[in-house]
Structures are given as structure tokens and as C-alpha cells.
Amino acid sequence: MSHSVALNAFKSSAIISWKSTGNLQKTISKCVEISGIGLHSGKQSKVQLCPELAGKGRYFRVGSSVIPASIDFVRDSPLCTQLFKDGFMVRTVEHLLSALEGTGVDNCRIEIIPDDLNDRDIEIPILDGSAMEWVDAIYRAGLDDAFDEKGRTCEKLAAFLNVPVSVQRNDSFLAAFPSSEVLITYGINFPEVPSIGCQWLSCTLSKSHYAQDIAKSRTFCVYEEVERMREMGLIKGGSLNNAIVCSASKGWLNGPLRYDDEPCRHKVLDLIGDLSIFAKSGSQGVPVAHIVAYKAGHALHADLLRKFS
């Protein structure tokens, strides 16, 4: 028999109401391990995804330090999402968290073993620039119902939006509207790069749709901006193997694309990962709402979550 998570542990407000999704909390069936290089740091690290009890949610552990995947620990960055706690920084968490949210892994201990055990600034491996390798590893391991310390299953809750909410930075905006299901509409616009141009994508959030249509999309960059980012100390681990690169004058340098609108799909992937950090105690992270974004990014995604908090 399922054990309902006490609703009073979740702070509802005029903006959101925590309600049952009709599902039980899940965890990964067994540990899986992936190693790779960080996109911005260029450093190697090993990541282990491990089963966790119901109600524990998703969190990172580096040595003895625990960093919850929570909006409370987000530090704004334009090119990735980073979590900071107790002197430890974990960067570029969005692809991994997107995979966990998209496949329904509600409770997970994420062990990070950096190449340098004394390093306190750690980055999740970029892999091929998408979330697919994480998704494949999760599905190979399998999912199980999560049980709490007393051996009880727990109901999975989600934040249902009650009123429209929006945030804006310059000509970028992100808005959310009440809905009976999760809907995402995302637009990007690169008028100076014709091969990308203006793209829009609308989709629902289901496990099958996520794995087939979102998780495979890779991170992208504009070739003419690469040198500037390197001068800023970024993309030290970037290569044509872990990002798709587009030139304003020459088009895509390392095609073919996996989808005609792969850049826009990747922005949806990032959004799911960033919104997943609204989860707590094994709940669903992405709010039940129709979310509309235009030229948004990691910082604006976090702005929206702070409006809900």
C-alpha cells in the first residue's frame, strides 16, 4: 500500500498547489557509472548514479559533502547551471538532471569522483553534448518503486500552477500558464546565423517523447563566438565531438544534424533539466503548466523557479 507524502511538508501558495500525480516515486534499480570530460573545465570526472530511498530526492555527493539538486543552491551562470554548497561547486548539471527528470528517476544519489580528489570545482561530463548517454544508462539499469526507511512506497507530487507567472531579461522572456498537463513551447532566434535562424518547438513531457525527441539533441554554439568563450576561460573541453558548431557564413561545420531543429530541441532539454531543480523530497520538478520561452537561458530558467518559491 502506498504511503502519501505529507502535504504539509510542501509549501503551497497562491501561485502553486502541490497535488498527487497519481504515480509512485521511482529510483534507479542499480548503480551505473559514466566517465568523461567537462565542457568548460576540460577536467575528467566519474559519475555514479545510485538508488536512493523515497523522499530523499536527487542530490550530488562529493566525498562527504552533499549538494541537493535544489533551486536553493543555484548560482547563476549564462552558459550552464551550477550548484554551490559548503565550498563545493558542481557545474553543468542540466543534461544529467534533464535525463533523470525525463525518465522519471525521482530519487537518486549522484556520486561524483573528480580526477583530482582535492578539486572543489567540479563539472559533470558533457559526453556527446546531449542527454542520451545518461538516458541509455538509466534504462539499462532499470527503474524500481522507491521505498522509504519504513519500507513504504511514496506518492509522487507535482507543483500545479494556479496563476500566470512570467520573467524577462531584455528581449528574452519565460512565462508559465495554468494547464492540466506539462506543455512546453520554446523559441530561439539567431538572425545573424541563417542556418539556425528562428525556430519554435511545442511538446508535452512524457518518457517516450523525451527519449525519442529531446534527449538526443546536442548542445550547440556559434563558431564566431568560440574564440571569445575560450578567452573567458570557457569550453576548455569543447570539441566537434561534444557540440554541434554553426558558422554564420558557412553553416553547420559538423553535420548532419539529428533533427532539423536540433538547437531548439536542445534548449527544451536544458529547460527540463533546469526546472527539475524545483523538485524536493522525490516530487516532480517540472511544474504542471504550459511553459512558453523565447530566447531564454539558464539564468532566466532559475528566475522563473524563484517566482514559484
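Residues numbered from 1 in each chain as written. Predicted model: local features only at pLDDT ≥ 70, side-chain atom pairs only at ≥ 80, totals over all residues. Heavy atoms only, no water.

- The name recorded for the protein chain in an unreviewed UniProt entry is UDP-3-O-acyl-N-acetylglucosamine deacetylase, from Saponaria officinalis.
- Entered under Pathway (unreviewed entry) in the UniProt record, the comment concerning the protein chain runs "Glycolipid biosynthesis; lipid IV(A) biosynthesis; lipid IV(A) from (3R)-3-hydroxytetradecanoyl-[acyl-carrier-protein] and UDP-N-acetyl-alpha-D-glucosamine: step 2/6." (UniProt positions renumbered as here; feature names shortened; annotations may be inferred.)

### Description of the overall build of the protein chain
And then number 1: The helix and strand inventory of the protein chain stands at six helices and 22 strands.
And then number 2: A compact globule built from 309 residues would reach a C-alpha radius of gyration of about 19 Å, and the protein chain, at 19 Å, matches this within 12%.
And then number 3: By its C-alpha atoms, the protein chain is 60 × 45 × 35 Å across when sized along the principal axes.
And then number 4: Going through the 309 residues of the protein chain one by one, you find that 56% of them count as buried.
And then number 5: Contacts in the protein chain between residues at least 24 apart in sequence constitute 75% of all its contacts with a sequence separation of at least 6. (Helix = DSSP H or I, 4+ residues; strand = E, 2+ residues; numbered from the N terminus. Rg over C-alpha atoms; globule rule 2.2 N^0.38 Å. Buried < 20%, exposed > 50% of the residue type's maximum accessible area, 1.4 Å probe, protein only. Contact = heavy atoms within 4.5 Å.)

### Points about the nonpolar core
And then number 1: Counting 81 residues, the largest nonpolar core has L49 and F60 as the members making the most contacts within it.
And then number 2: Sequence-distant contacts of L49, that is, excluding residues within four places in its chain, are made with I28, K30, C31, V32, L96, L100, C108, R109, I110, W134 and I138.
And then number 3: Formed by eight residues, the second largest nonpolar core is a distinct cluster that contains C221, V226, M229 and V245. (Core = buried A, V, L, I, M, F, W, Y, C linked by side-chain atoms within 4.5 Å.)

### Side note on helix α3 (residues 207-214)
And then number 1: Among all positions of α3, only Y210, A211 and I214 are buried. Buried residues along α3 cover an arc of 120° about the axis, so they all sit on one side.
And then number 2: Along its buried surface, α3 packs onto α1 (94-103), α2 (132-141), β18 (197-204) and α5 (262-275). (Arc of directions from axis to C-beta.)

### Observations regarding the pattern of salt bridges
And then number 1: A full pass over the atoms with the stated rule returns 20 salt bridges.
And then number 2: Between D76 and R169 there is a salt bridge whose closest N-O contact spans 3.5 Å. On the criterion of sequence distance, the pair formed by D76 in the loop between β8 (74-75) and β9 (82-85) and R169 in strand β15 (residues 165-169) is long-range, its members being 93 residues apart.
And then number 3: Relative accessible area serves as the criterion here: at 40%, D76 is assigned to the partly exposed category.
And then number 4: On the basis of relative accessible area, R169 is assigned to the partly exposed category, the value being 36%. (Salt bridge = Lys/Arg side-chain N within 4 Å of Asp/Glu carboxyl O.)

### Some thoughts on empty space enclosed by the protein
And then number 1: Scanning all chains against the criterion turns up one cavity of 30 Å³ or more.
And then number 2: Of the pockets and cavities examined, the largest cavity occupies roughly 30 Å³.
And then number 3: Forming the boundary of the largest cavity are V74, T81, D274, I277, H298, H301, A302 and L305.
And then number 4: When residues of the lining of the largest cavity are assigned to their parent elements, the largest contribution, four residues, is made by helix α6 (residues 298-308).
And then number 5: Looking at the lining of the largest cavity residue by residue, the classes come out as four nonpolar, three polar and one charged. (1 Å grid on protein atoms, 1.4 Å probe; cavity = no way out; pocket = protein on both sides within 12 Å on 5 of 7 lines; lining within 4 Å. Points joined across faces, edges and corners; volume = space filled by probe spheres on them. Nonpolar A, V, L, I, M, F, W, Y, C, P; charged D, E, K, R; others polar.)

### As for the sheet that holds strand β21 (residues 251-252)
And then number 1: Pairing in this open sheet of three strands is mixed, and the strands run β19-β20-β21 from one edge to the other. Looking at strand neighbours, the two that pair on one side only are β19 (220-222) and β21, the edges of this open sheet.
And then number 2: As judged from the three bridges shared by β19 and strand β20 (residues 244-247), these two strands associate in the parallel manner. Bridge pairing in β20 places F220 opposite I244. (Pairing = 2+ DSSP bridges.)

### A word on the packing of aromatic side chains
And then number 1: Under the counting rule described, the total for this entry stands at five aromatic pairs.
And then number 2: Ring geometry for W18 against F278: centres 5.7 Å apart, planes inclined by 15°, an arrangement best described as stacked. Pair noted here: W18 is in strand β2 (residues 16-24) and F278 is in the loop between α5 and β22 (289-294), with a separation of 260 residues, a long-range link.
And then number 3: According to the relative accessible area criterion, W18 is buried, its value standing at 5%.
And then number 4: Judged by centre distance (6.0 Å) and plane angle (35°), the ring pair of F173 and Y294 falls under tilted. You can see F173 sitting in strand β16 (residues 172-178) and its partner Y294 sitting in strand β22, a full 121 residues away along the chain.
And then number 5: In this structure F173 comes out as partly exposed when scored by relative accessible area, which is 32%. (Phe/Tyr/Trp six-rings, centres within 6.5 Å; stacked < 30°, edge-to-face > 60°.)

### A short note on the sheet that holds β8
And then number 1: Here we have four strands laid out as an open sheet, ordered β8-β9-β10-β12, and mixed in their pairing. This sheet does not close on itself; its edge strands, each paired only once, are β8 and β12 (121-123).

### A look at the packing of α2 against α3
In a packed pair of helices, the relevant descriptors are the angle between the two axes and the axis-to-axis distance.
And then number 1: Viewed as axis vectors pointing N to C, α2 and α3 meet at an angle of 140°, and their least axial separation amounts to 10 Å. Considered as vectors, α2 and α3 are oriented oblique to each other. Crossing of α2 against α3: the hand is left-handed. Across from M132, V135 and Y139 in α2, the residues of α3 making contact are K207, Y210 and A211.
And then number 2: Of the residues belonging to the contact of α2 with α3, the class tally is five nonpolar, no polar and one charged. (Axes fitted to C-alpha atoms, helices over the stretch in contact; angles between N-to-C directions. Parallel < 35°, antiparallel > 145°, perpendicular 65-115°, else oblique. Left-handed = near helix turned anticlockwise from the far one by under 90°.)

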